[in-house]
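# Commentary on secondary and tertiary structure
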Amino acid sequence: MNGVHDMGGMDGFGKVEPEANEPTFHERWEGRVMAMVRAIGANGGVNIDSQRFARESLPPEVYLASSYYQKWFLAIENQLVERKMVGADEVEAGHALHTSPPLMRGPFTPNDVMRCATRGSFAREPQGPAAFKPGDKVRAKNINPVTHTRLPRYVRGHSGVVERINGCHVFPDTNAHGKGDHPQWLYTVVFDARELWGDDADPALKVSIDAFEPYLEKL
Amino acid sequence: MAHDHDHDHDHHHAHDHDHSELSETQLRVRALETILTEKGYVDPKALDAIVEMYETKIGPRNGAAVVAKAWTDPAFKQALLADATKAINALGHFARTGDHLIAVENTPQRHNMVVCTLCSCYPWEMLGLPPVWYKAAPYRSRAVKDPRGVLADFGVALAKGTEIRVWDSTAETRFLVLPMRPAGTDGWSEDKLAELVTRDSMIGTGLPKNPTDMKS
């Protein structure tokens, strides 16, 4: 979806302001939100792509005004309600009022914590040969789905070069919507800054994205 | 370290407005945790353990150890650049890292910088949880268009003519920048070298510390 989350190349957000000696969490609730999202995700209640889509789908004014973990919280709460794992009446009451379907992998217990220490693998068996190879000239397709995609707007319609093949991975565009893995070849595609931003752009700048095969067409 | 409730009360006096917003969030977060616990979805002790893990065990020291090793061991560096996940996991004594980590090397000709314009993708196992600026609009919007301006915000100026390559983490690949080893560190141990490796130098928004700034 063409949401405010797709920020590459936007102007007006001001300077980057690093914080010296930044703590892991600024408030205790931030850690609780991170842990709840990780736990529910690890045991199959939500997936990484559906979570991202839930955050992108927050109203733009909420997305921009909320802190990072506030967005995580609003998105996980929305998802749990949508999936009928938590009732709106329960959110209102602040307590469980009825039974809900179990998590795919059961309750998240201290024995499950180490599974949150390492990223899972999103690599999958290829469904066919890769269509592109390093050195191929490609164009990022001009697509504008209202559903989840990982093709940022700033490269759409622009030409680049395939630099590397990163294997075959779960396709976020379907996985976000419960429509399966649909594994796709993944490529690092490099763009010249002048191709993306015009003749005034830094001639010594190159930008790459990691693009799934359906995002690309051969030139 | 997470701030405790007492701190939150102190905070109240300084930033009344912030606090009223935060306290609503705090209440809602607490309510959701209660619901998930009562339903048997999560054990709060498991949540405690996840928080503790990210506060105490998983942080940029992991990445710094990998960089220092690459600076001292040419065979490891070669393996790291070929397949970072495999090379790091083969060591056994560092934190394991998940798929699909790619290490990118800074050279005198080329400086690498990592961003996630769409959300906040970041190599957690190597660097811990990302800092607020990495996840915020100013960095995400500007890094792909004006990385030299972003570097200036960090007080970093590259040598004239240095090419910049920005890696936008748009998929489940993750990137670790291998910064250049500072001059004047011949014969240093891996442990001592790791002290020079900052988090930002592994994102590409900073450079390693200057060896002359280190206590001997």
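This report concerns the structure included in the present document. (Residues numbered from 1 in each chain as written. Chains lettered and ligands numbered in written order. Predicted model: local features only at pLDDT ≥ 70, side-chain atom pairs only at ≥ 80, totals over all residues. Heavy atoms only, no water.)

## Description of empty space enclosed by the protein
Under the definition given, this model contains two cavities of 30 Å³ or more. Approximately 110 Å³ is the volume found for the largest cavity. Lining the largest cavity we find H5, R52, R55, E56, Y63, Y68, K71 and W72 of chain A together with L118, C119, S120 and R140 of chain B. Among the elements of the structure, α2 (48-56) and α4 (68-82) of chain A are those that each provide at least two residues to the lining of the largest cavity. Classifying every residue of the lining of the largest cavity by side-chain character gives five nonpolar, two polar and five charged. Within this model, the second largest cavity holds a volume of roughly 30 Å³. Every residue lining the second largest cavity is listed: M1, H5, D6, T149, R150, L151, P152 and R156 of chain A together with L118 of chain B. (1 Å grid on protein atoms, 1.4 Å probe; cavity = no way out; pocket = protein on both sides within 12 Å on 5 of 7 lines; lining within 4 Å. Points joined across faces, edges and corners; volume = space filled by probe spheres on them. Helix = DSSP H or I, 4+ residues; strand = E, 2+ residues; numbered from the N terminus. Nonpolar A, V, L, I, M, F, W, Y, C, P; charged D, E, K, R; others polar.)

## As for the packing of helix α4 (residues 60-72) of chain B against helix α5 (residues 74-82) of chain B
All names here are of chain B. The interhelical angle for the contact between α4 and α5, taken along N-to-C directions, is 125°, at an axis separation of 5 Å. Here α4 lies oblique to α5, going by the angle between them. The chirality of how α4 crosses α5 is left-handed. Where α4 abuts α5, its residues V66, K69, A70 and T72 lie against P74, F76, K77 and L80. Here the contact of α4 with α5 is composed, by residue class, of five nonpolar, one polar and two charged. (Axes fitted to C-alpha atoms, helices over the stretch in contact; angles between N-to-C directions. Parallel < 35°, antiparallel > 145°, perpendicular 65-115°, else oblique. Left-handed = near helix turned anticlockwise from the far one by under 90°. Contact = heavy atoms within 4.5 Å.)

## Describing the pairing of strand β1 (residues 137-140) of chain A
Residues and elements named next belong to chain A. Taking every second residue as pointing to the same face, the buried face of β1 carries V138 and A140, while none of K137 and R139 on the other face is buried. Bridge analysis of β1 against strand β2 (residues 159-169) gives three bridges, and the strand direction is antiparallel. For K137, the partnering residue across the bridge sits in β2 and is V161. As defined by bridge partners, β1 adjoins strand β5 (residues 216-218) across three bridges and the pair is classed as antiparallel. Bridge pairing in β5 places R139 opposite E217. (Buried < 20%, exposed > 50% of the residue type's maximum accessible area, 1.4 Å probe, protein only. Pairing = 2+ DSSP bridges.)

## Brief notes about the pattern of salt bridges
Scanning the model with the defined rule gives 24 salt bridges over all chains in all. Here R28 of chain B makes a salt bridge to E77 of chain A, at a shortest N to O gap of 2.6 Å. Here E77 of chain A lies in helix α4 and R28 of chain B lies in helix α2 (residues 16-38), a pairing that spans two chains. Residue classification places R28 of chain B among the partly exposed residues on the basis of a relative accessible area of 32%. (Salt bridge = Lys/Arg side-chain N within 4 Å of Asp/Glu carboxyl O.)

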